[in-house]
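Residue strings, one per chain:
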Amino acid sequence: ITGISLWFSRKKKTSDEFLRGGQNVPFWAVGISVMATQVSAIGFMTFPAKTYATNWAYFAGVATWFVVVPLVNWAFIPFYRKLNLTSAYQYLEARFDHRVRALAAGVFVLFQLARMGLVLYLPALALSSVVPIDTFTSILLMGLLSTVYTALGGIEAVIWIEVAQAILLFGGAILCIALAIDGLDGGVGQFWQVATTNQKFALSQDFWDWTGPSLGVILLGNIFNRLGNLSSDQAIVQRFMTTPDLRSARRSVWADVAASVPWAVVIFTLGTALFVFYQQHPQRLSLTAPTDSILPMFIATQAPAGVCGLIIAAIFAASMSTLESSIHSVATIALTDFYAKRNPNLSDGQRLRFVKAAVWVLGGFATALSVVLLYADFRSLLDFFQELLALFAGATMGLFFLGIFSRKANATGALVGVLGSGLILAYVTFLTPLTYWLFSAIGFATCYGLGVLVSRFVPGRSQPEGLTIFSVNKPALAGKK
């Protein structure tokens, strides 16, 4: 992967090529890249662990792709392409003012800084408990490699490396399924019989439970989490700007779906296969290993040496694909939303040098934070990560909805909306039993509702003309912008 980044670094002569790949990346590569970015090593290990411990309840979220993607393609991507953005938050300044842009960009940066530490630390911790690779070495390897190839090759290298990593992810998961089923006395028949007898393919039996992962809550939570990712997460929005035109950007989202739905089938099947395997071979199950380490434990004890190495590489790949996206997107925000905004006369060479320096600094920060987290203690890795995502996604998505779907929303209302949303989410998190699956929906509803309400009674800057869904100049969207 470092060799691939060196290959792409030869033609990265401008900041636009580094940040947007010269807008020449094919849509299918962008879609696979988005899928790899969203998976992360946390998802690679903990979704099988959650399925192993429960059932296919979380799989219901797959249906929400077909609710969210049409809305993103209709309402959001045309705006970003029309304004020819590098940062998604540039839209917020054009629609409201610089304060709203700075607030949203700042929240995103804080979220990504925390995320960078987690996506390095958690996989390294899980691996170290079952394979002879200590946590510190794992963190150092993943952090250093991710930083090097992100700094050298820019977004184009990141995208193509993520395509390779996605292939490795699929291959590693399918290999694990094959190994688990091959280890059963009755093969596929035994797998199906034990899984169905224990209702491992079942979805949640409760349709609605405010305090747990019921079917309705999972569907609602996935809609808002996924919509927040695809509409306002810089790491993903930036990829939509690397395609040649609007049509390709829209097709890239469907390419993401085409990769993500099969991935969900594979990863949930893997969790079920692990359950059936250890049902038949309970003596091979370590009673001291946490549930989140069930997949690394299976790999270390059941996979042949060469295969074991490849699957461990897949876990590393999943971690690095998420880390490199976070590093690159935060470096982009640091340049476009903060440094270049204060220094508008920067030459292109200065912009390129700054963003590369930011990549090195951020990579070092993520690695150092992961080492610090060695001394922390977490609950279920998946639950913690989902909770962190939900806290970020709702309010930020509410800001973009205020801008795009409300003619009367102004900067004052937007600021009050996002701040009020944060306070309400803090109350919900610490003082109510509501499940984290509802956090993004609550954050969105409170941000949007407060924003609209305050905008009606308090004056503030607003630029709705040409920047809301009601005033889009549709003919202008047919071109490459």
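Residues numbered from 1 in each chain as written. Predicted model: local features only at pLDDT ≥ 70, side-chain atom pairs only at ≥ 80, totals over all residues. Heavy atoms only, no water.

(A) Layout of the overall build of the protein chain. Within the protein chain one finds 17 helices and zero strands. Taking 481 residues into account, the globule formula puts the C-alpha radius of gyration at 23 Å, and the protein chain, at 22 Å, falls close to it. Counting only C-alpha atoms and orienting by the principal axes, one finds that the protein chain spans roughly 70 × 50 × 45 Å. Scored against the burial criterion, the 481 residues of the protein chain give a buried share of 58%. Looking at the protein chain alone, contacts between residues at least 24 apart form 85% of all its contacts between residues at least 6 apart. (Helix = DSSP H or I, 4+ residues; strand = E, 2+ residues; numbered from the N terminus. Rg over C-alpha atoms; globule rule 2.2 N^0.38 Å. Buried < 20%, exposed > 50% of the residue type's maximum accessible area, 1.4 Å probe, protein only. Contact = heavy atoms within 4.5 Å.)

(B) Structural context of unusual backbone geometry. Even without a glycine there, the phi angle at asparagine 84 is positive, about 55°. One can find asparagine 84 in the loop between helix H4 (65–83) and helix H5 (90–95). We note that glutamine 199 has phi near 55°; this positive angle belongs to a residue other than glycine. Here glutamine 199 lies in the loop between helix H8 (187–197) and helix H9 (215–232).

(C) Representation of the side chain of serine 326 in the model. Along the chain, the position of serine 326 falls in helix H13 (residues 305–342). Note on serine 326: relative accessible area 0%, which makes it buried. Not counting chain neighbours up to four residues away, the residues in contact with serine 326 comprise Gln112, Arg115 and Met116.

(D) How the structure looks around the confidence of the model for the protein chain. Residues at a pLDDT of 70 or more form 93% of the protein chain, whose mean pLDDT is 85. Ranking the helices and strands of the protein chain by mean pLDDT puts helix H11 (residues 246–280) first, with 94, and helix H15 (residues 381–405) last, with 72. Throughout residues 473–481 the model reports pLDDT below 50, and contacts reaching past four residues in sequence, or to other chains, amount to 13 contacts. (pLDDT = per-residue confidence, 0-100.)

(E) Geometry of the pattern of salt bridges. Evaluated as defined, the whole model comprises six salt bridges. Aspartate 16 serves as the salt-bridge partner of arginine 20, at 2.8 Å between the closest nitrogen and oxygen. In this pair, arginine 20 and aspartate 16 are both assigned in helix H2 (residues 15–20), four residues apart and thus about one turn of the helix distant. Relative accessible area serves as the criterion here: at 7%, arginine 20 is assigned to the buried category. Accessibility expressed as a relative area gives 29% for aspartate 16, which makes it partly exposed. Ionic pairing is found between glutamate 93 and lysine 341, a salt bridge with its closest N-O pair at 2.9 Å. One end of the pair, glutamate 93, is in helix H5; the other, lysine 341, is in helix H13, and 248 residues separate them in sequence. Since its relative accessible area comes to 37%, lysine 341 is described here as partly exposed. (Salt bridge = Lys/Arg side-chain N within 4 Å of Asp/Glu carboxyl O.)

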